[in-house]
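Below, each chain spelled out in residue letters.
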Amino acid sequence: MVTADEIAKLCYERFNELPRRGKPEPGREWTLLAAVLKITRCANSDSVEKEVVSLGTGTKCIGQTAMSPNGDVLNDSHAEVIARRGCIRYLIQELQRAVSGGDNCVFCQTDEPGKWRLQPGVSFFFFTSHTPCGDASIIPMTDSLSQPCAPVTSVRSHKGSDGGRGLKRKAEEFSEEQNTKLCRLEEQETKLEDRQDSNTSQSVSMALTSFTSEAQSQCHFTKTPVETVSQASAELKIKTRGPSDLNHIDSAGLNLQVPDIHRTGAKCVPGGPADPLHPGVGYHSTGVLRVKPGRGEPTLSLSCSDKLARWGVLGFQGALLSHYLQEALYFSTVVVGKCPCSQEVMQRALVTRCSHVSDLPAGFTVCPPVLLQSSLEFQFSQAPTELRHQAGQGRVSPCGAAISWCNVTEQPLDVTANGYKHGVTKKALGTAKARSLLCKLELFHSFQSLVSATDPSALPDSLRRMELQTYWDYKQASQSYQQAWQQLRSQAFPRWPRSERNLLLFH
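Overview of the structure. (Residues numbered from 1 in each chain as written. Predicted model: local features only at pLDDT ≥ 70, side-chain atom pairs only at ≥ 80, totals over all residues. Heavy atoms only, no water.)

**Here we look at the overall build of the chain**
Here is step 1 of the chain: In terms of regular secondary structure, the chain is built from 11 helices and 21 strands.
Here is step 2 of the chain: Within the chain, the fraction of its 507 residues that count as buried is 56%.
Here is step 3 of the chain: On the chain, roughly 21,700 Å² of surface is accessible, and the fraction owed to carbon and sulfur atoms is 49%. (Helix = DSSP H or I, 4+ residues; strand = E, 2+ residues; numbered from the N terminus. Buried < 20%, exposed > 50% of the residue type's maximum accessible area, 1.4 Å probe, protein only. Areas by Shrake-Rupley, 256 points an atom, 1.4 Å probe, with all protein chains shown as cover.)

In structure tokens form, the structure reads like this:
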């Protein structure tokens, strides 16, 4: 059995082995980490080999106007997306070895011409140090000390209200000594470029539960009680308000706090249900598609919760690699690091929303992952970073760089910022020197190298059409993948924004 703590430990160790470039400044900067691991269960043995094949860090996302029709900008630099795109680089390399007749521990040939599948006993795990942004991060808070901000209430019961709307969040007044490590509400509302999820606070007293009987000894998730009173929260000097206040006094004179939720900065997609913005647990709509916040402007990047849910039906290999694969590749297990997390919410966000999808083409299925949580915390998460923060370091902020490492022979490390190679000058923008190895154009070129390395007689049927030229052409020619995507879109995600074709016509 592979435990969640073993997975987390491997990922953290792999991160620690990387060079300093692109890593957060200790005590001042924080980031998120995600990784893909190859798990090989040895035949006729109980032994299991575990290997990190791709790792990513990052919290940023570029706005819609910064996207490039040339495919040379990395649009989404959240850790989960970085890790998955690095895994695509790894899979392309392994397929190239396979079609060239070399030794390969990942893929084996099938009876279908030009098609490959995973070797027996091989599977992939996905690790993320925090709950994915979007729907999976809208989770109940267990007590006031676990909240990223002070408890919030409607402004209707205060002077200077917002005209009776009562929708704006306003912090309660904590005593000075208890508020030193709490982020200011106004900063959270204005820092649109950062991930404002449950990821921003991890100081939580976790009750233990498990997702599966196999994982009961090492899968811990936060329980979600209706009311929680700890000694520390009872001692907080919270002023009582009026009948509309979120707090009330019990018979013992203690402040009992009505539940609140961790909020996400990801916004509901246009045309669908909007967030009610009510105080407390009614602030967000749940189960809906969300787009990530950008640097002060909207983005076209769906939340990591939405992308993980999509990968659970379409696979994480994408349209291009589907040309070569007889079956889609799915994450058999998703592991979350130590952070605020909820079993029910993760199940809803990653599994339930797509569990009813049917009529998928051959090679595709609804493949819900096993969901586990580790008790090990990432050292560069926000909470430990704030604990190590020293006076004079400036305010704690998310790291601006994103790191990608994957197990490939050429250029395994790729450090980016603002969608381009880290450290490039403005003069270099638009050139190959500035491009991330994970951008659409670079991955497309890598895929084309795979096609060129394949003997013409061994090409999949879908790649024998001579008119294929652009990135868009190759994606559309992956007909089974497109059919599966159409079924998923129509049955579960009808409001998923469609990519603009003019952004995909490069070659």
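**As for the pairing of strand 16 (residues 331–336)**
Here is step 1 of the chain: Taken across its six residues, strand 16 has five buried, putting it largely inside the fold.
Here is step 2 of the chain: Pairing of strand 8 (residues 122–128) with strand 16 involves five bridges; the strand directions are parallel. Paired with F125 across the bridge in strand 16 is T333.
Here is step 3 of the chain: As judged from the four bridges shared by strand 16 and strand 17 (residues 370–373), these two strands associate in the parallel manner. Bridge pairing links V335 to L372 in strand 17.
Here is step 4 of the chain: Between strand 16 and its parallel partner strand 17, the chain crosses via helix 7 (residues 343–350), and the hand of that crossover is right-handed. (Pairing = 2+ DSSP bridges. Right-handed = clockwise from strand over helix to strand, strands pointing away.)

**Focus: the nonpolar core**
Here is step 1 of the chain: Core analysis: the biggest nonpolar cluster contains 60 residues, and F124, Y324 and F447 have the highest contact counts within it.
Here is step 2 of the chain: Apart from the residues lying within four places of it in its own chain, the contact partners of F447 are I92, L320, L321, H323, Y324, L463 and Y474.
Here is step 3 of the chain: The next biggest cluster of nonpolar side chains, apart from the first, holds 25 residues, and it includes V2, L37, L372 and I403. (Core = buried A, V, L, I, M, F, W, Y, C linked by side-chain atoms within 4.5 Å. Contact = heavy atoms within 4.5 Å.)

**With respect to the environment of L95**
Here is step 1 of the chain: Along the chain, L95 turns up in helix 2 (residues 79–99).
Here is step 2 of the chain: A sequence separation of 356 residues divides L95 from V451, and the C-alpha atoms of the two residues are 9.9 Å apart.
Here is step 3 of the chain: Beyond its immediate chain neighbours, meaning those up to four positions away, L95 contacts F107, W116, L321, Y324, L325 and L450.

**Side note on the side chain of R435**
Here is step 1 of the chain: The residue R435 is located in the loop between strand 21 (420–421) and helix 9 (440–453) in this model.
Here is step 2 of the chain: At a separation of 2.8 Å, a polar atom in the side chain of R435 contacts the side chain of E442.
Here is step 3 of the chain: Beyond its immediate chain neighbours, meaning those up to four positions away, R435 contacts D72, K421, L441 and E442. (Polar contact = N/O pair within 3.5 Å; in protein donor to acceptor, adjacent residues only side chain to side chain.)

**Brief notes about the sheet that holds strand 14 (residues 290–293)**
Here is step 1 of the chain: Taken in spatial order, the three strands make up an open sheet running 13-14-15, and their pairing is antiparallel. Strands with a single pairing partner mark the edges of an open sheet, and in this sheet they are strand 13 (267–268) and strand 15 (298–302).
Here is step 2 of the chain: Note that strand 13 and strand 14 share two bridges and pair antiparallel. Looking at the pairing, C268 lines up with R290 of strand 14.

**Some points on the packing of aromatic side chains**
Here is step 1 of the chain: Per the stated rule, a full pass over the model turns up 19 aromatic pairs.
Here is step 2 of the chain: Taking 5.6 Å as the distance between ring centres and 80° as the angle between the ring planes, the aromatic pair formed by Y12 and F127 counts as edge-to-face. Linking Y12 in helix 1 (residues 4–17) with F127 in strand 8, this pair joins segments that are 115 residues apart in sequence. The same class applies to Y12 and to F127, which are both buried.
Here is step 3 of the chain: The rings of Y324, F444, F447, Y471, Y474 and F506 are connected pair by pair, giving a single aromatic cluster.
Here is step 4 of the chain: Across the ring face of F15, the terminal group of K23 is positioned such that the distance to the ring centre comes to 4.5 Å.
Here is step 5 of the chain: Its guanidinium or amino end placed over the ring of F380, R388 lies 5.8 Å from that ring's centre, counting from NZ or CZ. (Phe/Tyr/Trp six-rings, centres within 6.5 Å; stacked < 30°, edge-to-face > 60°. Lys NZ or Arg CZ within 6 Å of the ring centre and 35° of its normal.)

**A short note on the environment of T128**
Here is step 1 of the chain: Residue position: T128 is located in strand 8.
Here is step 2 of the chain: Considered as a pair, T128 and V36 are 92 residues apart in the sequence and their alpha carbons are 9.0 Å apart.
Here is step 3 of the chain: Beyond its immediate chain neighbours, meaning those up to four positions away, T128 contacts L33, A34, E80, V335, V336 and G337.
Here is step 4 of the chain: Polar contacts involving the side chain of T128 include one to the side chain of E80, which spans 3.4 Å.

**Re the sheet that holds strand 17**
Here is step 1 of the chain: Ordered by their spatial adjacency, eight strands build an open sheet running 17-16-8-2-3-19-20-21, and the pairing between neighbours is mixed. Whereas interior strands pair on both sides, the edge strands pair on one side only; in this sheet they are strand 17 and strand 21.
Here is step 2 of the chain: Running over the sheet, helix 1 touches strand 2 (33–41), strand 3 (48–57), strand 8, strand 16, strand 17 and strand 19 (401–406) and is turned about 50° from strand 3.
Here is step 3 of the chain: The strands that helix 2 touches are strand 2, strand 3, strand 8 and strand 19; relative to strand 3, the one it contacts most, it runs at about 120°. (Axes fitted to C-alpha atoms, helices over the stretch in contact; angles between N-to-C directions.)

**Let's talk about the pattern of salt bridges**
Here is step 1 of the chain: Summed over the entire model, instances satisfying the criterion amount to 15 salt bridges.
Here is step 2 of the chain: The partner of E17 in a salt bridge is R14, and the shortest N-O contact between them spans 3.5 Å. Here R14 and E17 lie together in helix 1, a separation of three residues that amounts to about one turn.
Here is step 3 of the chain: With a closest N to O distance of 2.8 Å, E442 and R435 form a salt bridge. (Salt bridge = Lys/Arg side-chain N within 4 Å of Asp/Glu carboxyl O.)

**Considering unusual backbone geometry**
Here is step 1 of the chain: A positive phi is found at L277, a non-glycine position, where the angle reads about 65°.
Here is step 2 of the chain: Note that L277 resides in the loop between strand 13 and strand 14.
Here is step 3 of the chain: For Q411, which is not glycine, the phi torsion reads 50° and is therefore positive.
Here is step 4 of the chain: Residue position: Q411 is located in the loop between strand 19 and strand 20 (413–417).

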